[in-house]
Every structure is written in C-alpha cells, then in structure tokens.
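Overview (structure and organization)
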Amino acid sequence: MDLFGRSRGEYCRPAIDHGIALPYYRLHVVLAVVALASPARQRQVWLDPDQFENLDYIVHVLFEDFCDADDPLPWLGQCLRTKEEVELMAGLGAAYGAVQDAVGADANDEVYLAATGWPAVMTAAARLAQVLASNDQNGDNHRASAHDLGHSA
C-alpha cells in the first residue's frame, strides 16, 4: 500500500488529473524542481553570489511559498495535478529533509551539494520533473482536444 492506500494493481489505471487552480504557483514549482534536478545549474547559479537564485530560494518555493513538500496533499488540484505528483513531491521533501538533518539547516549551499544524501535529492527531483512535464503535456492536450470539440476543459 502507498500513501493513498492503493495497491500495486491500481497503478495500472490512468492518473486522475485534478487540474491546476494556481498555474502561477505551478510554474514556480516546476522551475524549482528542475533546478533541484540539475547539478550543473546548482553549481553555476547557486554558487555564484551575483545570482538571485540559490538553494534557500528553491526551498522557499517548494516548502513555504508555492507548495509544501513536507505535506503536499493539500496542494493537489492547486499546483499539483495528480496523486503521483503528490507522492513524488513528498519523496523529494523527505530526501531534502534527510540532507538538511545531516548537514544542518544553516549550512551553506556548498555543504548541501557535497552531502552524501544530495544525489537522492537530485534523483527525486528528476523523477518529479519528468512527471510534472508529462502531466502538463497531457493536460494541455486534453484542454486542446476539448476545445476542438467545442467543450471547455
């Protein structure tokens, strides 16, 4: 059983797209997740003091301002489309939390990036980024198809 009480056989069913009530939030979440999945971006941008974006900014986006990776279920239908996204976001939150517990909340970005648990954060973010992009593509196709048929999505 998973977080939502589903058994393995239930994963064969198509995911229910709950839509996005807050597309602006979704945009911020997607960009933050992609940044967490990109080691090159992390080193080029986060470690450059002249850049605005750093790990603290990403954490604010994913845990405080536009979602809550520690408790993403309330964000279903807001900035997360499917239960799979919720589960993957929770996994990302857990992976990040493990690193934060290991290095300390006040550690600088270099310490986080060098932590032994950081690859798990990047892996969780990469999987979530794939699902977010796929679901956005499918959601866009659904709306286009409904529009073509004269229906609103």
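Our subject is the structure listed above.
As a starting point, this report considers the structure included with it. For clarity, every value in this text was computed on a predicted model and none was experimentally measured.

Calculation criteria
Residues numbered from 1 in each chain as written. Predicted model: local features only at pLDDT ≥ 70, side-chain atom pairs only at ≥ 80, totals over all residues. Heavy atoms only, no water. Buried < 20%, exposed > 50% of the residue type's maximum accessible area, 1.4 Å probe, protein only. Helix = DSSP H or I, 4+ residues; strand = E, 2+ residues; numbered from the N terminus. Arc of directions from axis to C-beta. Core = buried A, V, L, I, M, F, W, Y, C linked by side-chain atoms within 4.5 Å. Contact = heavy atoms within 4.5 Å. Axes fitted to C-alpha atoms, helices over the stretch in contact; angles between N-to-C directions. Parallel < 35°, antiparallel > 145°, perpendicular 65-115°, else oblique. Left-handed = near helix turned anticlockwise from the far one by under 90°. Nonpolar A, V, L, I, M, F, W, Y, C, P; charged D, E, K, R; others polar. Disulfide = S-S within 2.5 Å. 1 Å grid on protein atoms, 1.4 Å probe; cavity = no way out; pocket = protein on both sides within 12 Å on 5 of 7 lines; lining within 4 Å. Points joined across faces, edges and corners; volume = space filled by probe spheres on them.

With that out of the way, let us pick up helix α2 (residues 39-46). Those residues of α2 that sit buried are Q42, V45 and W46. Looking straight down α2, one finds its buried side chains confined to an arc of 95 degrees; they lie on one side.

Glancing now at the nonpolar core. Looking at soluble globular proteins, one finds that nonpolar side chains tend to be buried together. Judged by nonpolar contacts, the single largest core of 39 residues is most densely connected at V33, L36, W46, L62, M89, L92 and W118. Of all the elements in the fold, those that place two or more residues in this core are α1 (23-36), α2, α3 (55-65), α4 (83-103), α5 (109-114) and α6 (118-148). Top element by residues in this core is α6. It accounts for nine residues. Discounting residues that sit within four places of it in the chain, L62 has contacts with V29, A32, V33, L36, C67, D68, A69, M89 and L92.

Moving on to the packing of α1 against α3. Packing of α1 against α3 leaves a shortest axis separation of 10 Å and a crossing angle of 135 degrees. Regarding the angle of α1 to α3, the classification is oblique. Crossing handedness for the pair α1 and α3: left-handed. Residue-level contacts link Y25, H28, V29, A32, V33, A35 and L36 of α1 to L55, Y57, I58, V61, L62 and D65 of α3. A class-by-class count of the residues in the contact of α1 with α3 yields 11 nonpolar, one polar and one charged.

This part takes up the state of the cysteines. This structure, assessed with the given rule, holds zero disulfides. A disulfide-free cysteine, C67 has its sulfur positioned 4.2 Å from the sulfur of C79, the nearest such atom. Judged by its relative accessible area of 1%, C67 falls in the buried class. Taking the relative accessible area as the measure of exposure, C79 reaches 0% and is therefore buried.

Right, let's talk about empty space enclosed by the protein for a bit. The full count for this structure, using the stated rule, is one cavity of 30 Å³ or more. Approximately 30 Å³ is the volume attributed to the largest cavity. Together, L36, L55, I58, V59, L62, F63 and Y96 line the largest cavity. Among the elements that take part in the lining of the largest cavity, α3 stands out by supplying five residues, more than any other.

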